[in-house]
Amino acid sequence: MPKTDYNEFAEAYSTDNETNLLNGHYERPAMLNLAGDVTGRRILDVGCGAGPLAAALRDRGAIMTGFDQSSAMVELARRRLGDDIDLTVGDLAEPLPYDDAAFDDVVASLVLHYLEDWTKPLAELRRVLKPGGRLILSVNHPILYTALNPDGEYFDVVEFTYDAEHDGRTVVYTNWHRPFQTMIDSFNAAGFRVATIAEPPIDPDTPRELIPDELKHVQRPRFISFIFFVLEAS
């Protein structure tokens, strides 16, 4: 299957990501809520994209570092964040250019589901975290695969594609589905303890026009899209 290349649509994705429902009013607020008070904490943003999460965490007092596989995304992040944050082009599937126990927290928004094998990436993230540090991450909810592929087998680890539109441009995404138990087994094997599993509602400040009609009268509207974890490095 074709791989998703963010260099091809970085500007369109970044523009849409700022204010759309899934990223701007659901995923990013949920990540910030799980991170809590980050004052003075050294945080690595894995797959930082154009830097909206890094910017929000920096504004809350975190000392940020970030990398992304897309050079176009890293350039957008540099424009946003300036030169006072260490940003680089990097690949989570390769060894990371950071010292052992360099970070208090790692955040990984919608990154791991691009990878077939989580073994080495999780081991690297555990390596760069201090003992007791947190890996805060979001991935596709495992139910998403069978919702999009009714004939698919939930318990397989399988590659699949779907379309999404960003700022008027249609993009084909290629992700890897893995069942929930496989996720948990991977976290445990890498030396993490699962502290939190979250399926949160959308942000309460979401503009009403972005809320799907069937959820407009629900007190805390939520839907199945992503699942969130806070993992502690043992």
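One can find the structure itself at the top, above this paragraph.
None of these values were measured; they are calculated from a predicted model.

Colleague: Which residues make up the pattern of salt bridges, and what values go with them?
Modeller: Enumeration according to the criterion identifies 11 salt bridges in this entry. Between Asp84 and Arg58 there is a salt bridge; the shortest N-O distance is 3.6 Å. Residue Asp84 is found in the loop between helix 4 (71–81) and strand 3 (86–89), and its partner Arg58 is found in helix 3 (residues 52–59); the two are separated by 26 residues along the sequence. Owing to a relative accessible area of 28%, Arg58 belongs among the partly exposed residues under this scheme. Note that Arg127 is salt-bridged to Glu124, the shortest N-O span being 2.9 Å.

Colleague: If you had to explain the sheet that holds strand 9 (residues 226–233) to someone new, which residues and values would you point to?
Modeller: Taken in spatial order, the seven strands line up as 3-2-1-4-5-9-8 in an open sheet, and their pairing is mixed. At either margin of the open sheet sits one strand with a lone partner, and together these are strand 3 and strand 8 (192–198). This sheet shows a mean twist of 15° between the axes of neighbouring strands, independent of strand direction. Of the strands in this sheet, strand 1 (42–46), strand 4 (103–109), strand 5 (129–140), strand 8 and strand 9 touch helix 5 (residues 119–128), which is tilted by about 140° from strand 5. This element, helix 7 (residues 180–189), spans strand 5, strand 8 and strand 9 of the sheet and lies at about 20° to strand 9.

Colleague: Describe the pairing of strand 2 (residues 63–68), listing the residues and the values that go with them.
Modeller: Along strand 2, five of the six residues are buried, which leaves the element largely enclosed by surrounding structure. You can see the chain leave strand 1, run along helix 3 and come back into strand 2, and the turn it takes is right-handed. Sheet topology places strand 2 next to strand 3; four bridges connect them, and they run parallel. Bridged to Gly66 within strand 3 is Leu87. Each parallel crossover has a hand, and the one from strand 2 via helix 4 to strand 3 is right-handed.

Rules behind the numbers
- Residues numbered from 1 in each chain as written.
- Predicted model: local features only at pLDDT ≥ 70, side-chain atom pairs only at ≥ 80, totals over all residues.
- Heavy atoms only, no water.
- Salt bridge = Lys/Arg side-chain N within 4 Å of Asp/Glu carboxyl O.
- Helix = DSSP H or I, 4+ residues; strand = E, 2+ residues; numbered from the N terminus.
- Buried < 20%, exposed > 50% of the residue type's maximum accessible area, 1.4 Å probe, protein only.
- Pairing = 2+ DSSP bridges.
- Axes fitted to C-alpha atoms, helices over the stretch in contact; angles between N-to-C directions.
- Contact = heavy atoms within 4.5 Å.
- Right-handed = clockwise from strand over helix to strand, strands pointing away.

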